[in-house]
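Spelled out from the first residue to the last, the chains are:
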Amino acid sequence: MSFSTELMTGAVLGGTPILYAALGESISERAGVINLGTEGSMLVGALAGYAITAESGNPWVGLAGAALGGALLSSVHGFFVLWRKTNQLATGLVVLFLALGLTSLFGVNYVQSTINSFQTIDVPLLSKIPVIGEVLFQQTAPVYVSYALVPLLWLFLFRSRPGLYVRAAGERAQVLTSYGRPVRLVQMLAVIGGGALAGIGGGVLSTAYTNAWFENMVQGRGFVAVAVAVFAARSPFKVMAGAYLFGGAFALSPLLQVRGVGINQFALDALPYVLVIVVLTVIGRRGTSPAPEGLQAVFEGGASE
Amino acid sequence: MRQRRHARVGVVATLTAAVMAVLATAIPVTSAGAATETCGKGADTVGFIFVGPKNDYGYNQAAYDGAMALKKKFPKLKVLTAENVPENDDATRVMESMVSKGAKIIFATSYGHLDPALKVAAKHPDVCVVQQGNFIKGNVPDNAGTYFGTVYEPVYLAGIAAGKATKSNKLGYVYALPIPQTIANINAFALGAQSVNPDAKVYTVATSAWCDPSKQADAANSLISQGVDVITQHQDCTSTITKIANDKGVGVVGYHADASALAPKTWITGSQWEWAPLYGDIVKTILAGKFTGSEYNDNYRVGYKTGSNPFVQSPYGKSVTADTKALIADKLKEISTTGSPFAGPVKTQSGGTMFPAGDIPDYAAIEAANTQFVQGVVGDLPKS
Amino acid sequence: MSTSTTVTETSVGAGDAVGSDGSGAPTPAPEPDVSVEESARAKQLKRIGIGLGRTLLAVLGTIVVFAIVIAIKGANPVDTYRALFNSIFHNSNAATDIALRATPLVLAGLAVAVPARAGLVNVGGEGQLLIGGVAGAGMALAVGEALPGEVTLVLILVAGALGGALWAALSVGLRLFAGISESVTTLLLNYVALDLMLFLVFDPWKDPNASGQPTSRPLPTSQQLPVLGNGRIHLGVLLTVVVLAIVALVLKRTSWGFALRVVGGNAEAARRAGMRVGPLLISAMFVGGALAGLAGAIQLAGVEYKLRPLFLFGFGYVGFLASWLGRHQPWRVAAAAILLSALVIGGDSLQIDSGLPAATVNVLMAILLLAVFGFTGKKRAA
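What counts as what
Residues numbered from 1 in each chain as written. Chains lettered and ligands numbered in written order. Predicted model: local features only at pLDDT ≥ 70, side-chain atom pairs only at ≥ 80, totals over all residues. Heavy atoms only, no water. Helix = DSSP H or I, 4+ residues; strand = E, 2+ residues; numbered from the N terminus. Buried < 20%, exposed > 50% of the residue type's maximum accessible area, 1.4 Å probe, protein only. Contact = heavy atoms within 4.5 Å. Areas by Shrake-Rupley, 256 points an atom, 1.4 Å probe, with all protein chains shown as cover. Axes fitted to C-alpha atoms, helices over the stretch in contact; angles between N-to-C directions. Parallel < 35°, antiparallel > 145°, perpendicular 65-115°, else oblique. Left-handed = near helix turned anticlockwise from the far one by under 90°. Nonpolar A, V, L, I, M, F, W, Y, C, P; charged D, E, K, R; others polar. Disulfide = S-S within 2.5 Å. Polar contact = N/O pair within 3.5 Å; in protein donor to acceptor, adjacent residues only side chain to side chain. Buried area = accessible area lost by both parts, 1.4 Å probe. Salt bridge = Lys/Arg side-chain N within 4 Å of Asp/Glu carboxyl O. Expected span 1.5 Å × (residues − 1). Arc of directions from axis to C-beta. Pairing = 2+ DSSP bridges. Domains from an automatic or database assignment. Phe/Tyr/Trp six-rings, centres within 6.5 Å; stacked < 30°, edge-to-face > 60°. Right-handed = clockwise from strand over helix to strand, strands pointing away. Patch = residues over 30% accessible without salt bridge, like charges linked within 9 Å, V, L, I, M, F, W, Y side chains within 5 Å.

What about the overall build of chain B?
Then, in step 1: Secondary structure summary: chain B contains 11 helices and 15 strands in total.
Then, in step 2: Burial analysis of chain B (384 residues in total) assigns 63% to the buried set.
Then, in step 3: A fraction of 67% describes how many contacts in chain B between residues 6 or more apart in sequence connect residues 24 or more apart.
Then, in step 4: Accessible surface, chain B: about 13,600 Å² in total, of which carbon and sulfur atoms supply 55%.

And the structure:
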């Protein structure tokens, strides 16, 4: 495989867990709630996905469990942020610690388990297309689902009533209330939905990508998903681009090392984060898409004491 | 109103300052043991600290299993354990906590625990502190020591199996950070493979993490895409790479643990820890009051030549031929007596000479020389 | 911002206002303002009482919920709590351990609190701590033996503060230049800082005498923070208390501190009032980063004496939580830092005495924080 093909394949492979989580987080952020605990939802999803697959033998059941786990955790975040009015960033971090602890506590027995993980499925015909075929159509089933999820979410956000409510909750909450729609409920549902997707992202991580469960295995990719959602919240397609960008940046290090390229391993490790800062700066200078109004308040520190 | 607020703040301020001042004059804890007696005599409690989770199917689990085996061997001995003890000053605190609970023997089982371990040893002359994997430079205190097996010996033998098994002549090594043990392992693996297959090359990928499954997956995938058909690793948790390789039909050489159950299709061999005998012997020596001046009161390294290497070969997989097994058995005899995995001539990656022809280096020389890769290894190391 | 009043206000007895003949027949109430003040005071006492009561309930709730969690895991909650209690209160080492751990944590918390006053979110304490340590180690390397140890030590601390400040300034600079929220950039820069430090300890700054261990050269004794008495408390602990007091004073009494609060309350209004918001934001973040950087340098010179891969790992994020727990008020942040440190020390007991996995202490901390965040303190406006 050529370098660029491998890079793109790695981008999709590694970017998919981030994509799920970022899509989820972007919905939540559209409704005005930022969830730093996304990493925690991914962790819970990773454990739930792995454990339930181990018990049931079916990775799809595992993914369903992952979604449920992620949703449950994020509902804690939603409750405290929306009903108890706690600061979003601090609460998210606390929820992350909670997830770290709980998954450690209850995941101990599953380190030794083996599961029926998702296998690569070559899409007939499409996978034979040079380059694109290898990159896009020789992946696991959850990756294919994510391809469909992106336009579906776009339709949801921009062409459906519930999506309209979600966007309104973040940008013009007064409009919702004046129409008698419950803003907080909409926000909570967005947070829970976001958590479910993040949980699936974690489940994909453990049942498709790494085929393993270890405590604290998400190792910061949840934060990455939050960063992607922040700069791409306007559109699920942008989220996809951002997620793959990161996936590729993470995959770059081993690809270069294997070819004997002598770049320092720590410089390569820092690359994804530097890259994102550069991208954010470019986007920011062009003055496009500020965050939704409700989210602005969080960042201005004005949403709480 | 303003005055009241300031007064209130003043109260809180004074209280906090008072608390911290009290803490600042805290009575230091001195150890109760006499300095003249050897450490650990008649101990009834032993403490173990691990750097990672005790069930990582790898390094820490092996140490934990060894600790639990002590319970069986010494039924009256209380075994305290703490996992996820980071390699910074937190480790000092955790070890001190164990000492305060009566531990007179401390095992600090990770590479980076050395400095905290020495701190604890200095403070408690009656506690024997042994550290796994590092070297005490200069004067070794009476109550401290390091221990390790010569891990690269079974890795060398596994390299022979890999060299025989590969068809593409491309072997893969996923490691975390360029510490001396890792470099020695990679080199030994390459030398073992090259001894039966001069064209074999070892491709290395560093993940900068001891257990990050996503990075491990990326590393394994990129190696396999390059045509690597046998892969091994130096990581704390080993199952991700093992399973990915098995799924893709790539040969697996294990490390730290016997993961053959995870790679039923492609398991070749590997190396794993059997700490129980060594842990047991160290504890026995300490309990008898004979630690100071013993071989453990030093940088104890045991290998095939000097005793019972706690790092042993893993079972063979189905694909390994009887010929290969015989060859490896012969090599094992050789390096246990007159030979060495690093028997000269050994050339470095840059063309220099690590060991000249005819040289049979001892363990100390091997440790000293392994700061760069040998020829046939693809990968970069920091300059120092 | 807190508006509660002092507890130590001398209490004017009820008898003074109502009549002191003790007959129970109240004389007609004198000047109305005295009774108004009295009932206001009574209200304040009630409020404080409620606040305390709420906090106690939160703690109680935490104890119950955590007990349930560990009971599910098969541990005996009573034994576990007893061991936990003993490890913090009956352990002669605990006070020192807590003080040593709280020292960088207090500064890390202040590093979040100061920018928070100006409305900035600093999640980059982790990286700023590291860069502070790096800068300090770099200064030590650069000076070598050329100056007396004590002078070098001061330079190390200054370099640490400066390093952290500059690292933080990057984020606020990006905010002003490109509109990126500093909460995102500070977070991302944490990873970059870690990689920078790893590069240094594995390559150019690796100690050639450390048998291959990835650490920087140890500081010579003359450059280390001296230990007080014959305990383990080093000068950095006292230094931290002093810095804490200074920060509290500056925030409360100086016009800069006041200006920060105005900007934090409503940046737009501040701008319209003629305040130079940009420089204020930069200075707030600068100070925050300097505090974190100082913490790194203090840890280097007082505890670790060398850089290593897990240097001050996690302190930045826990400092963030400490700042929120203390509602960005310096003394309360310090109290929160001490509390969280005590929890971590207690976490050792959860492991060693009760056999629970190491990460269990995270559950305890999270439940406690959620309880306190969610159920105590002022109700915010919707």
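Points about the packing of helix 1 (residues 3-30) of chain A against helix 10 (residues 221-232) of chain A
Residue and element names in this part refer to chain A.
Then, in step 1: In contact at an axis separation of 8 Å, helix 1 and helix 10 are set at 55° when each is read in the N-to-C sense. Classified by the angle between their axes, helix 1 and helix 10 sit oblique to one another. Our pair here, helix 1 against helix 10, has a crossing hand that is right-handed. Here Gly14, Ile18, Ala21, Ala22, Glu25, Ser26 and Glu29 of helix 1 lie close against helix 10, whose contacting residues are Arg221, Val224, Ala225, Val226, Val228, Ala229 and Val230.
Then, in step 2: Looking at side-chain class alone, the contact of helix 1 with helix 10 contains nine nonpolar, two polar and three charged residues.

Here we look at the state of the cysteines
All names here are of chain B.
Then, in step 1: For the structure on display, the rule yields two disulfides over all chains.
Then, in step 2: Put simply, Cys39 and Cys128 are joined by a disulfide, and their sulfur atoms are 1.8 Å apart. Between Cys39 and Cys128, the S-S torsion sits near 95°, and that sign places the bridge as right-handed. Placement of Cys39 in the loop between helix 1 (2-24) and strand 1 (45-49) and of Cys128 in strand 4 (residues 128-132) is noted, with a sequence separation of 89 residues between them. With respect to burial, Cys39 and Cys128 carry one shared label: buried.

Side note on the environment of Gln61 of chain B
Then, in step 1: Positionally, Gln61 of chain B belongs in helix 2 (residues 59-73).
Then, in step 2: Separated by 175 residues in the primary sequence, Gln61 of chain B and Asp236 of chain B have C-alpha atoms spaced 9.1 Å apart.
Then, in step 3: Setting aside anything within four residues of it in sequence, one finds Gln61 of chain B in contact with Gln112 of chain A together with Lys54, Asn55 and Asp56 of chain B.
Then, in step 4: A polar atom in the side chain of Gln61 of chain B sits 3.1 Å from the side chain of Gln112 of chain A.

A few points about the interface of chain A and chain C
Then, in step 1: Between chain A and chain C, the residue contacts involve 43 residues of the former and 49 residues of the latter.
Then, in step 2: Interface area for chain A against chain C, summed over the two sides, is near 4,400 Å², with a carbon-plus-sulfur share of 76%.
Then, in step 3: At the surface where chain A touches chain C, the tally comes to zero salt bridges.
Then, in step 4: At the junction of chain A and chain C, the tally comes to three residue pairs in polar contact (both at pLDDT 80 or more).
Then, in step 5: Among the secondary structure elements, those contributing two or more residues to the side of chain A that touches chain C are helix 3 (59-83), helix 4 (88-107), helix 10, helix 12 (265-285) and helix 13 (293-299) of chain A.
Then, in step 6: No other element matches helix 4 of chain A, which puts 13 residues into the side of chain A that touches chain C.

Structural notes on helix 10 (residues 322-336) of chain B
Residues and elements named next belong to chain B.
Then, in step 1: Between its first and last C-alpha atoms helix 10 spans 21 Å; for 15 residues at 1.5 Å apiece the expected length is 21 Å, and the two agree.
Then, in step 2: Burial in helix 10 covers these residues: Thr324, Ile328, Lys331 and Ile335. Across the axial projection of helix 10, the buried residues extend over an arc of 60°, all falling on one side. What points out from helix 10, more than 90 degrees from its buried face, is the exposed set Ala322, Asp323 and Lys333.

Side note on the sheet that holds strand 5 (residues 144-149) of chain B
All names here are of chain B.
Then, in step 1: A sheet is described by the order of its strands in space; here six strands give the open sequence 2-1-3-4-5-11, paired in parallel fashion. A strand with exactly one partner marks an edge of an open sheet, and here the two such strands are strand 2 (78-82) and strand 11 (299-302). On average, each strand axis in the sheet is inclined to that of its neighbour by 20°, with strand direction left out of account.
Then, in step 2: Sheet topology note: the strand 1/strand 2 ladder contains five bridges and is parallel. Paired with Ile49 across the two strands is Ala82, which belongs to strand 2.
Then, in step 3: Contacts from helix 9 (residues 276-287) reach strand 1, strand 3 (105-108), strand 4, strand 5 and strand 11, with the element oriented near 150° to strand 3.

Things to note about the domain arrangement of chain B
All names here are of chain B.
Then, in step 1: We note that the domain assignment places domain 1 (3-149 + 275-302) and domain 2 (152-272 + 313-378) within chain B.
Then, in step 2: Centre-to-centre separation of domain 1 and domain 2, based on C-alpha positions: 33 Å.
Then, in step 3: Counting from both sides, the interface comprises 12 residues of domain 1 and, opposite them, 12 residues of domain 2.
Then, in step 4: Between domain 1 and domain 2 the total buried area reaches about 1,000 Å² when both faces are included, carbon and sulfur atoms providing 60% of it.
Then, in step 5: It is Tyr57, Tyr59 and Tyr111 in domain 1 that bury the most area against domain 2; as a group they hold 54% of the surface buried on that side.
Then, in step 6: The interface formed by domain 1 and domain 2 includes one salt bridge.
Then, in step 7: When the shortest N-O distance is used, the salt bridge between Glu367 and Arg301 registers 3.6 Å.
Then, in step 8: Taken together, domain 1 and domain 2 are joined by three residue pairs in polar contact (both at pLDDT 80 or more).
Then, in step 9: Of the residues belonging to the side of domain 1 that touches domain 2, the class tally is seven nonpolar, three polar and two charged.

Re the packing of aromatic side chains
Residues and elements named next belong to chain B.
Then, in step 1: Scanning the model with the defined rule gives 33 aromatic pairs over all chains in all.
Then, in step 2: Ring centres 6.4 Å apart and planes at 80° place the aromatic pair Tyr59 and Trp273 in the edge-to-face group. You can see Tyr59 sitting in helix 2 and its partner Trp273 sitting in strand 10 (residues 267-273), a full 214 residues away along the chain. For the residue pair Tyr59 and Trp273, the accessibility class agrees, reading buried in each case.

Considerations on the side chain of Asn55 of chain B
Then, in step 1: In this fold, Asn55 of chain B is placed in the loop between strand 1 and helix 2.
Then, in step 2: A relative accessible area of 13% means that Asn55 of chain B is categorised as buried.
Then, in step 3: Of note is the side chain of Asn55 of chain B, whose polar atom sits 2.9 Å from the backbone oxygen of Val108 of chain A.

Some thoughts on the pairing of strand 7 (residues 201-206) of chain B
All names here are of chain B.
Then, in step 1: By the criterion of burial, strand 7 is predominantly enclosed, with five of the six residues buried.
Then, in step 2: With six bridges connecting them, strand 6 (residues 170-175) and strand 7 associate as parallel partners. Paired with Leu171 across the two strands is Val202, which belongs to strand 7.
Then, in step 3: Once you follow strand 6 into helix 6 (residues 180-196) and on to strand 7, the crossover reads as right-handed.
Then, in step 4: Taken together, the two bridges between strand 7 and strand 15 (residues 377-378) define a ladder with parallel strand orientation. Bridge pairing in strand 15 links Val202 to Val377.

Details of a nonpolar patch on the surface
Then, in step 1: Where nonpolar side chains cluster on the molecular surface, the patch consists of Met8, Leu126, Ile129, Val131 and Ile132 of chain A and spans about 370 Å² of accessible area.
Then, in step 2: Mapped onto the elements of the fold, Leu126 of chain A is located in the loop between strand 1 (120-122) and helix 5 (132-137).

Some thoughts on the sheet that holds strand 15 of chain B
Then, in step 1: An order of 12-10-9-8-6-7-15 (chain B) is seen for the seven strands of this open sheet, with the pairing classed as mixed. Every other strand in the sheet has two partners, leaving strand 12 (311-313) and strand 15 of chain B as the edge strands with one partner each.

Things to note about the pattern of salt bridges
Then, in step 1: One pass over the structure, following the stated rule, counts 20 salt bridges over all chains.
Then, in step 2: Here Lys54 of chain B makes a salt bridge to Glu83 of chain B, at a shortest N to O gap of 3.9 Å. Of the two residues, Lys54 of chain B sits in the loop between strand 1 and helix 2 while Glu83 of chain B sits in the loop between strand 2 and helix 3 (90-100), which places them 29 residues apart along the sequence. Here Lys54 of chain B matches Glu83 of chain B in class, with each residue buried.
Then, in step 3: For Arg82 of chain C, the salt bridge identified is with Asp79 of chain C, shortest N-O distance 3.8 Å. Taken together, the residues Arg82 of chain C and Asp79 of chain C, both in helix 3 (residues 77-89) and three residues apart, mark about one turn of the helix.
Then, in step 4: Using a relative accessible area of 38% as the deciding quantity, one classes Asp79 of chain C as partly exposed.
Then, in step 5: Each of Asp90 and Arg93 of chain B together with Arg101 and Asp348 of chain C takes part in salt bridges that share partners, so that together they form one network.

Quick look at unusual backbone geometry
Residues and elements named next belong to chain B.
Then, in step 1: Of note, the amide linkage connecting Gly344 to Pro345 takes the cis form, showing an omega dihedral of 0°.
Then, in step 2: Mapped onto the secondary structure, Pro345 falls in the loop between helix 10 and strand 13 (346-347).
Then, in step 3: Although it is not a glycine, Asn84 adopts a positive phi angle of roughly 50°.
Then, in step 4: Locating Asn84 in the fold gives a position in the loop between strand 2 and helix 3.

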